[in-house]
Amino acid sequence: MKYRAVCFDIDGTLYEPSVMRRNLLLCWLRHPVIFSRYGRMRRDFRRLQDGRHFCEGLDMLSREALVMLGRYGELECSESEAQAISSDPFVASMRKTLDDKCYRTMTKFSGGLKAREGVAGTLTHLKGMGIAVGVFSDFPIEGKLAAMGLEDLVDFKCDSMDCGYLKPDERCFDYLSVCGNITNYDGCEKLYVGDSYAKDYLGARRCGWDAALIGGDDKKGAGAELVFSDWHDFDRWLFASMEG
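Residues numbered from 1 in each chain as written. Predicted model: local features only at pLDDT ≥ 70, side-chain atom pairs only at ≥ 80, totals over all residues. Heavy atoms only, no water.

Draft legend 1. Here's a closer look at the overall build of the protein chain. Check the secondary structure of the protein chain and you find 11 helices and 6 strands. With respect to the three principal axes, the spread of C-alpha positions in the protein chain is 55 × 40 × 35 Å. Counting across all 244 residues of the protein chain, residues that qualify as buried make up 50%. Look at the contacts in the protein chain between residues 6 or more apart in sequence, and 63% of them connect residues 24 or more apart. Split by element, the accessible area of the protein chain, about 11,300 Å² in all, is 50% carbon and sulfur. In the protein chain, the 33 positive side-chain charges and the 38 negative ones have mean positions that sit 6 Å from each other. (Helix = DSSP H or I, 4+ residues; strand = E, 2+ residues; numbered from the N terminus. Buried < 20%, exposed > 50% of the residue type's maximum accessible area, 1.4 Å probe, protein only. Contact = heavy atoms within 4.5 Å. Areas by Shrake-Rupley, 256 points an atom, 1.4 Å probe, with all protein chains shown as cover. Lys, Arg positive; Asp, Glu negative; His and termini not counted. Charge placed at Lys NZ, Arg CZ, Asp CG, Glu CD.)

Have a look at this one:
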């Protein structure tokens, strides 16, 4: 088995899940009301996006604002309706709230991230073999790779703000393939690595990709074929597979 592209989730995968949980807790402590609503909104968003084609005229932040406001029916709209929604003062206000209190706060607490031990070595090895390295996150990527010292080791990156959907939606992985110019690779030539069975593993498998989990907290008994307790176990398996 030889992969031509290996892509990674960021939060809880490239750095420790405990750090991710701590940072989200710090965000909640800073803005408890809005973050409680934010968590519910993201669950609703995943449910609503399933099988639906959200209006391409609306960016991700506007869609999230609509869900926060309970205006689900407006997620499917014409181009002209999308323009009207974008200028709606209630939507604009909620967009600003999400950006200021949620995403900017997340970015603030991610400034001191440290990559898991072994991550930089794995990415360096992959690049040395000429294998494309990509990342995708449901949260804004801004500053995270640089904070971990990984920016120069990643060939392509994108997040849900770019593509307009949340994992496990197949459109996330399709968008990632377009960003990395790897759409012509067979599914078995692409590996996606994450820590969530429901979001990372199942999402990638539904697109025909190979998938692996590293130290996820929802993987036990879930049926994932490739599960690794830590990064070093994954690294040994990966390069043994590539050389076999």
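From this point, the discussion proceeds with the structure in view.
Draft legend 2. Representation of the layout of surface pockets in the model. Its volume calculated, the largest pocket comes out at about 580 Å³. Forming the walls of the largest pocket are 24 residues, and the residues nearest its centre are M20, L24, R46, F139 and K199. Secondary-structure elements contributing two or more residues to the lining of the largest pocket are α1 (17-30), α2 (32-49) and α10 (197-206). In terms of residues, the lining of the largest pocket owes the most to one element, α2, which gives 6 residues. (1 Å grid on protein atoms, 1.4 Å probe; cavity = no way out; pocket = protein on both sides within 12 Å on 5 of 7 lines; lining within 4 Å. Points joined across faces, edges and corners; volume = space filled by probe spheres on them.)

Draft legend 3. Summary view of the environment of R4. As for its placement among the helices and strands, R4 is situated in the segment before β1 (5-9). When the C-alpha atoms of R4 and R46 are compared, they prove to be 30 Å apart, with 42 residues separating the residues in sequence. Setting aside its immediate chain neighbours within four residues, R4 contacts I131, A132, Y185 and E189.

Draft legend 4. Quick look at the nonpolar core. Counting 50 residues, the largest nonpolar core has Y38, L98, L176, Y192 and W209 as the members making the most contacts within it. With 7 residues, helix α5 (residues 89-109) is the largest single contributor of residues to this core. In this structure L98 touches Y38, M41, L61, E64, A65, M68 and Y103, once residues within four positions along its chain are discounted. (Core = buried A, V, L, I, M, F, W, Y, C linked by side-chain atoms within 4.5 Å.)

Draft legend 5. Quick peek at the sheet that holds strand β6 (residues 227-228). Strands sit in the order β3-β2-β1-β4-β5-β6 across an open sheet of 6 strands; the sheet is parallel. Both outer strands of the open sheet, β3 (156-159) and β6, are each paired with one neighbouring strand and no more. Examined bridge by bridge, β1 and strand β4 (residues 190-194) share 4 bridges and lie parallel to one another. If you follow A5 over to β4, its bridge partner there is K190. Packing of helix α9 (residues 170-179) onto the sheet brings it into contact with β1, β2 (132-137), β3 and β4, and relative to β3 it is tilted by some 150°. (Pairing = 2+ DSSP bridges. Axes fitted to C-alpha atoms, helices over the stretch in contact; angles between N-to-C directions.)

Draft legend 6. Just the side chain of R63, in detail. Residue position: R63 is located in helix α3 (residues 60-68). The class for R63 is buried, based on a relative accessible area of 2%. R63 has contacts with F45, F54, C55, E56, L58, L75, C163, G164 and Y165, leaving out every residue within four places of it along the chain.

Draft legend 7. Main features of the packing of α2 against α5. With their axes 11 Å apart at the nearest point, α2 and α5 run at an angle of 100° to one another. With respect to α5, the element α2 is oriented roughly perpendicular. Taken together, the residues of α5 that come into contact with α2 (itself represented by I34, F35, R37, Y38, M41 and R42) are M94, T97, L98, K101, C102, Y103 and M106. In terms of residue class, the contact of α2 with α5 is built from 9 nonpolar, 1 polar and 3 charged. (Parallel < 35°, antiparallel > 145°, perpendicular 65-115°, else oblique. Nonpolar A, V, L, I, M, F, W, Y, C, P; charged D, E, K, R; others polar.)

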